Each structure stands twice: as C-alpha cells, then as structure tokens.
Amino acid sequence: GQQVMQIPQYQHVQEGEDFTTYCNSSTTLSNIQWYKQRPGGHPVFLIQLVKSGEVKKQKRLTFQFGEAKKNSSLHITATQTTDVGTYFCAVPYGGSQGNLIFGKGTKLSVKP
Amino acid sequence: GAGVSQSPSNKVTEKGKDVELRCDPISGHTALYWYRQSLGQGLEFLIYFQGNSAPDKSGLPSDRFSAERTGGSVSTLTIQRTQQEDSAVYLCASSLLSQGGYGYTFGSGTRLTVV
C-alpha cells in the first residue's frame, strides 16, 4: 500500500538554527499536506502542495514539492521555541484520495 | 460548530468492556476520519466517511471495532471487548470533501486507557 518515508525521526537544534524534515514516496503523488502537532496537542493543518516544483512560504517556514512529485520538504529558518512539536507529512492513500496516510513524523526540540 | 468536538476527552475502562467514542465534525464538512495515535507514535488510519457511507474500512484493526455516522454529522466509534493494546488517543478529523485534497481539522482526541 501507499507509504511515505519521513526523515529524520528526531531533530534537536539550538534556538536560531535551521531545521528541515523530508518526506519521500515511491510513487507519484497528487498532492502532499503538512501538519504540526504540539506536545500534548492534536495535528494542525499547515499547508497543501499540489504542483510539481511548488514552493510555498509561511513566515519562517518554506515548503517544497519535488519536480517528480515524489518528495517534499519543510524547512524552518531560525527556529524558535514555539516551533517545538512533531511535523507530519500526509499523502493520499492509493488513488482514491479518500483519506490520508501520515508519515511517522519528525519530532523537533529546540534548546533556548 | 467552530471546531471538531470529541467526547469524552478521557476514558478509562476495564479490559473486556465496550466503549463508545463520539465525534461531532465541523458543520458542513461531509468527510469524517478516525485515526489512532499510540504514545509517541504516528497516526494510524482507521476509517473514513463520506456522508454517511464508509468507503474505506480497511484500517479497522479487528472486528471488535466499528463505526457509524448518522445524518451526515455525528460519528461514533465503538470498541467491543476492549483490550490493553487498544489504549491510545483516538483522533477524529473532518474536511470539506474527501476528494480534492482538503486539509483536515482534527479534534482534541479521546485518550482511552484500558486497565
């Protein structure tokens, strides 16, 4: 079935350092979504990427969709303690797009 | 409502008992999803509804799990004869449509503990 690999599993950074998490699929994706889950919280939708090579920015967050639509990345510039949490990518299951399959997530910790 | 509402927020039950978890999605959202998240783990898909029908039940772990949705709104997830391995946070999400890649809005979840 559809799977998506997300790396790294954990990332510890000093406040002010940059952070990147990657998602990779063996199949071409119609779209990819990114979510953030704060400790003790629930996942919150960040963004959806649809087009090949698409780049979207939200303040210090930059999201990219690969040219082949098989991979994506989330980059945070100059991390802050408020960025702490787990970042998940999510892709449509099979071809139905009826539901999403989530990556295992990258847990980000930020040392002040 | 303004968000996805789940109840109860916490449930402790004895092994072998049945439990019902409730999800009230955002008004107008036709798609509803159930996921399970074990401590420190990712999200495991259970089932989704488009309207009142469930096109994909493939994620339900066993026949002890069932779900229904009535009136295109509230959904209940029922776990019969609970086992300790059922302990997890059960998350419900809704979206405008199941097709077209709409973002999910998650509820705060029900933390189920089977003792």
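The paragraphs below set out a description of the structure included in this document. (Residues numbered from 1 in each chain as written. Chains lettered and ligands numbered in written order. Predicted model: local features only at pLDDT ≥ 70, side-chain atom pairs only at ≥ 80, totals over all residues. Heavy atoms only, no water.)

**Details of the nonpolar core**
- Among the nonpolar cores identified, the biggest contains 21 residues, and Ile32, Trp34 and Phe63 of chain A are the most heavily contacted of them.
- Elements supplying a minimum of two residues to this core: strand S3 (19–25), strand S4 (32–37), strand S5 (44–49), strand S7 (61–65), strand S8 (71–76), strand S9 (85–92) and strand S11 (106–111) of chain A.
- With sequence-adjacent residues up to four places away left out, Phe63 of chain A is seen in contact with Trp34, Leu46, Ile47, Leu49, Glu54, Val55, Lys56, Gln58, Ser73 and Leu74 of chain A.
- If you look at the next biggest cluster of nonpolar residues, it comprises 19 residues, including Val19, Leu21, Ile26 and Leu112 of chain B. (Core = buried A, V, L, I, M, F, W, Y, C linked by side-chain atoms within 4.5 Å. Buried < 20%, exposed > 50% of the residue type's maximum accessible area, 1.4 Å probe, protein only. Helix = DSSP H or I, 4+ residues; strand = E, 2+ residues; numbered from the N terminus. Contact = heavy atoms within 4.5 Å.)

**Digging into the state of the cysteines**
- Per the stated rule, a full pass over the model turns up two disulfides over all chains.
- One disulfide in the model links Cys23 of chain A with Cys89 of chain A; its S-S distance is 1.7 Å. With the S-S bond torsion at -90 degrees, the cross-link from Cys23 of chain A to Cys89 of chain A turns out left-handed. Here Cys23 of chain A is found in strand S3, whereas its partner Cys89 of chain A is found in strand S9, with 66 residues between them in sequence. For the pair formed by Cys23 of chain A and Cys89 of chain A, the shared burial category is buried.
- Between the sulfur atoms of Cys23 of chain B and its disulfide mate Cys92 of chain B the distance is 1.8 Å. Taking the sign of the torsion about the S-S bond as the criterion, the disulfide between Cys23 of chain B and Cys92 of chain B, at about -65 degrees, is left-handed. (Disulfide = S-S within 2.5 Å.)

**A look at unusual backbone geometry**
- A cis geometry characterises the amide bond from Ile7 of chain A onward to Pro8 of chain A, with omega recorded as -5 degrees.
- Relative to the elements of secondary structure, Pro8 of chain A occurs in the loop between strand S1 (4–7) and strand S2 (10–14).
- Across the junction of Ser7 of chain B and Pro8 of chain B, the peptide omega takes the value -10 degrees, indicating a cis bond.
- Mapped onto the elements, Pro8 of chain B comes out in the loop between strand S1 (5–7) and strand S2 (10–13).
- Not every positive phi belongs to a glycine, and Lys59 of chain A is a case in point at roughly 55 degrees.
- Take Lys59 of chain A: it is sitting in the loop between strand S6 (55–58) and S7.
- Judged by relative accessible area, Lys59 of chain A falls into the exposed class, the value being 85%.
- One non-glycine residue, Ala78 of chain A, lies in positive phi territory at about 50 degrees.
- Structurally, Ala78 of chain A can be placed in the loop between S8 and S9.
- Exposure remark for Ala78 of chain A: the relative accessible area of 30% places this residue in the partly exposed category.

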